[in-house]
Amino acid sequence: MPREIALLTNPTAGNGRGARARAAVLPRLQDAGLLVRDLVGRDADEALDLARGAVADGVASLVVVGGDGMVHLGAQAAATSETSLGIIPAGTGNDTARYFDLPRRDPAAAADRVVAGRTRTIDLARSGSTYYVTVLCAGFDAIVNERANQMSWPRGQMRYNLATVAELRTFAPLSYTLEIDGVTLRTDAMLVAVGNGPSFGGGLRITEGARLDDGLLDVVIIKPISKAALVRTYPRLFKGTHTTHPAYEHHLAKSVTVAAPGIVSYADGERFGPLPLTVECAPGALTVLA
């Protein structure tokens, strides 16, 4: 029997890159002998319903075409199931694709990874019944995400850069209460990030060193620093060299509760939920075509 997959596309991802990527990969997957369910949701809710329906039907793989938001959606459907998740990168950040060294500008080459069928099992982070793959932002980074997602221009990483500059004008450190594997910590900080993987926002390696299969979360705290120092440190996030800064603090944990006033957290670039919330590692929860 031919291997059956569901191809789920966000046609608006990357300002239309999703639709163009689908047009490139669909015939390639079919020509390779795969039985393809071609799915396009009218909105996120319908797309998630389609994804969950395909997984319930037992498709071998759910392949999402889009950015980290589509990966986030796909993870909700495929987590803890026998269905593997495939990724055709077509979004703005594409951090999950970076994790697996998937081709980010060549949909046909990414489709070839799906055809090859090689898999890797990874952890997910979970809060309640909702999972994420990359990083939970719970401070200045979340506020920047909120602004960036409201911007229609520019595209790509520059959107996050401009949002960062705009928010710097008024941002002040926040008062956090954290519970890290049962130990309470109270601190003022610019941000707290809880990483399953090392980066978010198009390659910002805030939780540098985070591993996808170690059964642990990486909790990073950036203590209060001046706005000028934050601007100087920002470029180091792309290389992960900020870890030597005196304001950087790092913890490994199986579970962390994060509380701070007035913050709506983001994960995988998507609105995740208001603080306080508890995040746990879900070891081996997802199989990825990579």
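Residues numbered from 1 in each chain as written. Predicted model: local features only at pLDDT ≥ 70, side-chain atom pairs only at ≥ 80, totals over all residues. Heavy atoms only, no water.

Novice: Quick rundown of the state of the cysteines? Include the residues and the values.
Specialist: For the structure on display, the rule yields zero disulfides. As a non-bridged cysteine, cysteine 137 has cysteine 281 as the owner of its nearest cysteine sulfur, 18 Å distant. Overall, the relative accessible area of 10% leaves cysteine 281 in the buried class. (Disulfide = S-S within 2.5 Å. Buried < 20%, exposed > 50% of the residue type's maximum accessible area, 1.4 Å probe, protein only.)

Novice: Outline the side chain of aspartate 123, listing residues and values.
Specialist: In this structure, aspartate 123 sits in strand β5 (residues 119-127). With residues up to four places along the chain from it excluded, the contact list for aspartate 123 reads Asn196, Leu212, Asp213, Asp214, Gly215, Leu216, Cys281, Ala282, Pro283, Gly284 and Ala285. (Helix = DSSP H or I, 4+ residues; strand = E, 2+ residues; numbered from the N terminus. Contact = heavy atoms within 4.5 Å.)

Novice: How would you explain the packing of helix α2 (residues 44-56) against helix α3 (residues 68-78) if you had to name every residue and give the values?
Specialist: Where α2 meets α3, the closest approach of the two axes is 8 Å, and the angle between their N-to-C directions is 40 degrees. Between α2 and α3, the interaxial angle falls into the category oblique. The handedness of the crossing between α2 and α3 is right-handed. Along the contact surface, α2 presents Ala44, Ala47, Leu48, Ala51, Arg52 and Val55, while α3 presents Leu73, Gln76, Ala77 and Ala78. For the contact of α2 with α3, the class distribution of residues is eight nonpolar, one polar and one charged. (Axes fitted to C-alpha atoms, helices over the stretch in contact; angles between N-to-C directions. Parallel < 35°, antiparallel > 145°, perpendicular 65-115°, else oblique. Left-handed = near helix turned anticlockwise from the far one by under 90°. Nonpolar A, V, L, I, M, F, W, Y, C, P; charged D, E, K, R; others polar.)

Remember that the coordinates give geometry; whether it matters functionally is a separate question.
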